[in-house]
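Remarks on the overall topology
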Amino acid sequence: MSEPRDIRIKRLKMRSMRRGIKEMDLILSAYADQNLTAMDASGLDVYDALLHENDQDLYQWVTGQVPPPDTYTDLISDIAQTFQK
């Protein structure tokens, strides 16, 4: 059974707020609040997959310390721009 879009967005927002480190809570929850409702299904799929990654890796990708995997390059760039605003 498919998850309704509004429930999926709520779930992704909650997972964005409840990370392992506070920095990623702040970064991802701000990004989720501003962008998830405008994403199409494939964008939500990529974001959902990103949320399964380790917080230390995510933080290094977003801050530019380490390049992200190709799968996440565009999304990480978008998240980093949102974070820097």
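Residues numbered from 1 in each chain as written. Predicted model: local features only at pLDDT ≥ 70, side-chain atom pairs only at ≥ 80, totals over all residues. Heavy atoms only, no water.

Turning our eyes to something else, we now look at the overall build of the protein chain. Looking only at helices and strands, the protein chain features five helices and zero strands. If you list the helices and strands of the protein chain from N to C, you get α-α-α-α-α. Expressed as lengths along the three principal axes of its C-alpha atoms, the size of the protein chain is roughly 40 × 25 × 25 Å. Residues classed as buried in the protein chain amount to 38% of the 85 residues present. Within the protein chain, contacts between residues separated by at least 24 positions form 60% of all contacts whose residues are at least 6 apart in sequence. Accessible surface for the protein chain amounts to roughly 5300 Å². Of this, 52% is attributable to carbon and sulfur atoms. For the protein chain, the separation between the mean place of its 10 positive charges and that of its 14 negative charges on side chains is 8 Å. (Helix = DSSP H or I, 4+ residues; strand = E, 2+ residues; numbered from the N terminus. Buried < 20%, exposed > 50% of the residue type's maximum accessible area, 1.4 Å probe, protein only. Contact = heavy atoms within 4.5 Å. Areas by Shrake-Rupley, 256 points an atom, 1.4 Å probe, with all protein chains shown as cover. Lys, Arg positive; Asp, Glu negative; His and termini not counted. Charge placed at Lys NZ, Arg CZ, Asp CG, Glu CD.)

Once that is clear, we can look at helix H4 (residues 55–62). Along H4, the residues that are buried comprise Asp-55, Leu-58, Trp-61 and Val-62. Along H4, the residues classed as buried sweep out an arc of 125 degrees about the axis, all on the same side. Where H4 begins, the side chain of Asn-54 points an oxygen toward the backbone nitrogen of Gln-56, at a separation of 2.7 Å. Once H4 ends, the next one or two residues include Gly-64, with phi positive near 80 degrees. (Arc of directions from axis to C-beta. Polar contact = N/O pair within 3.5 Å; in protein donor to acceptor, adjacent residues only side chain to side chain.)

When the charged atoms of two side chains with opposite charge come close together, those side chains can pair. Within this structure, the stated rule accounts for six salt bridges. Glu-3 serves as the salt-bridge partner of Arg-11, at 3.0 Å between the closest nitrogen and oxygen. The class of Arg-11 is partly exposed, set by a relative accessible area of 28%. Residue classification places Glu-3 among the partly exposed residues on the basis of a relative accessible area of 32%. Of the charged contacts in the structure, one is a salt bridge between Asp-45 and Arg-8, with a shortest N-O distance of 2.5 Å. Within this pair, whereas Asp-45 is found in helix H3 (residues 41–50), its partner Arg-8 is found in helix H1 (residues 5–17), the two being separated by 37 residues in sequence. The class for Asp-45 is partly exposed, based on a relative accessible area of 43%. In the salt-bridge network here, residues are joined through shared partners; they are Glu-3, Arg-8, Arg-11, Arg-15, Asp-45 and Asp-48. (Salt bridge = Lys/Arg side-chain N within 4 Å of Asp/Glu carboxyl O.)

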